[in-house]
Amino acid sequence: MSRILITGSSEGLGLMAGRLLAEQGHEVVLHARNATRAEDARRALPEAKAVIEGDVATLAGMRAVADGANRLGRLDAVIHNVGIGYREPRRIETADGLPHVFAINVMASYVLTALIERPRRLVYLSSGMHHGVRPALDDLTWIKRPWAGAQAYAESKLYDTVLAFAVARRWPGILSNAVEPGWVPTRMGGPGAPDDMDQAHRTQAWLAASDDAAARVTGGYFHHLRQREPNPASRDEGVQGALLAACEALSGVTLPA
């Protein structure tokens, strides 16, 4: 049995993955933005070991989630599922001066990776949209460019993939992979999304807990239980190093060697 934290799991794919893992006998820890959502998560999955509260739109909230996770004892896996979509019509700035999309989709994954006691497995949620963009390392926070919500989202998912591979390279003793769940009809994806909802949560759960040889790899990019090629920029060690350095500078948090 594994103990697995799933961020952003009061609903949607995170909750679906939690249900699947709980059915398999694993100890599931959910995460919710606030007390109301935490109560919703408890009702939705009463088998959950715990629900950690914390708004990862802020650095303080990210630290609170990491602290809550560490108080539970060492985790076997973390699924970095928390995220927001591509529909923000303008650059919304957080209390820390970061774009809302970047803070939640990228910085939260980085800070939690750095501050949570190192688990054996890490899974980062990407998107097929990451294939269509290039790294904008000189403007991660969208200060120089006119805002484009869909592009900001796609870039954030590229950076999540970069982070997964950077961690796989930096921490060879753990398994770190990225997942493309598909464009599915969640609240984020919208009701017209065409992909199979029944498949969207399975790969991340499998990577977090399975003993299958195909799941016990690192530095992979997966879609529906199979590896596929990511955006080539995500494999670039220079891009990986630059992203880690930028996240450290923006957050004040260092990813351990």
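Scope of this entry: the structure provided in the associated data block. (Residues numbered from 1 in each chain as written. Predicted model: local features only at pLDDT ≥ 70, side-chain atom pairs only at ≥ 80, totals over all residues. Heavy atoms only, no water.)

1. Let's talk about unusual backbone geometry
How we decide: In this description a helix means any DSSP run of H or I spanning at least four residues, a strand means any run of E spanning at least two, and both kinds are numbered starting from the N terminus. Accessible area is worked out with a 1.4 Å probe on protein chains only. A residue is then buried under 20% of its type maximum, exposed over 50%, and partly exposed in between.
With a phi close to 60°, Trp 142 is a non-glycine residue in the positive phi region. Considering the arrangement of structural elements, one finds Trp 142 in the loop between β5 (121-125) and α5 (149-170). Non-glycine residue His 224 carries a positive phi angle of around 50°. By secondary structure assignment, the location of His 224 is in the loop between β7 (221-223) and β8 (226-227). His 224 gets classed as partly exposed once you look at its relative accessible area, which sits at 25%.

2. Some details on the pairing of strand β3 (residues 50-53)
Worth spelling out the cut-off: Should DSSP find at least two bridges between two strands, the strands are regarded as paired. Handedness of a crossover is defined as follows: with both strands directed away from the viewer, a clockwise route from the first strand across the helix to the second makes it right-handed.
Bridge analysis of strand β2 (residues 27-32) against β3 gives 4 bridges, and the strand direction is parallel. What sits directly across from Ala 32, in β3, is Glu 53. Crossover connection from β2 via helix α2 (residues 35-44) to parallel β3: handedness right-handed.

3. Topic: the packing of aromatic side chains
Basically, it comes down to this: Classification of ring pairs rests on two measures: the distance between centres of Phe, Tyr or Trp rings, Trp counted by its six-membered ring, which must be within 6.5 Å, and the angle between planes, read as stacked under 30 degrees, edge-to-face over 60 and tilted in between.
On inspection of all chains with the given rule, the structure shows 4 aromatic pairs. Ring geometry for Phe 102 against Tyr 159: centres 6.4 Å apart, planes inclined by 75°, an arrangement best described as edge-to-face. On the criterion of sequence distance, the pair formed by Phe 102 in helix α4 (residues 100-115) and Tyr 159 in helix α5 is long-range, its members being 57 residues apart. Assigned by exposure class, Phe 102 and Tyr 159 land together as buried. Considering the side-chain rings of Trp 206 and Phe 222, the 5.8 Å spacing of their centres and the 75° angle between planes classify their relative orientation as edge-to-face. Of the two residues, Trp 206 sits in helix α6 (residues 202-209) while Phe 222 sits in strand β7, which places them 16 residues apart along the sequence. A single burial state applies to Trp 206 and to Phe 222, both of which are buried.

Function-wise, these values are silent; they only describe arrangement.
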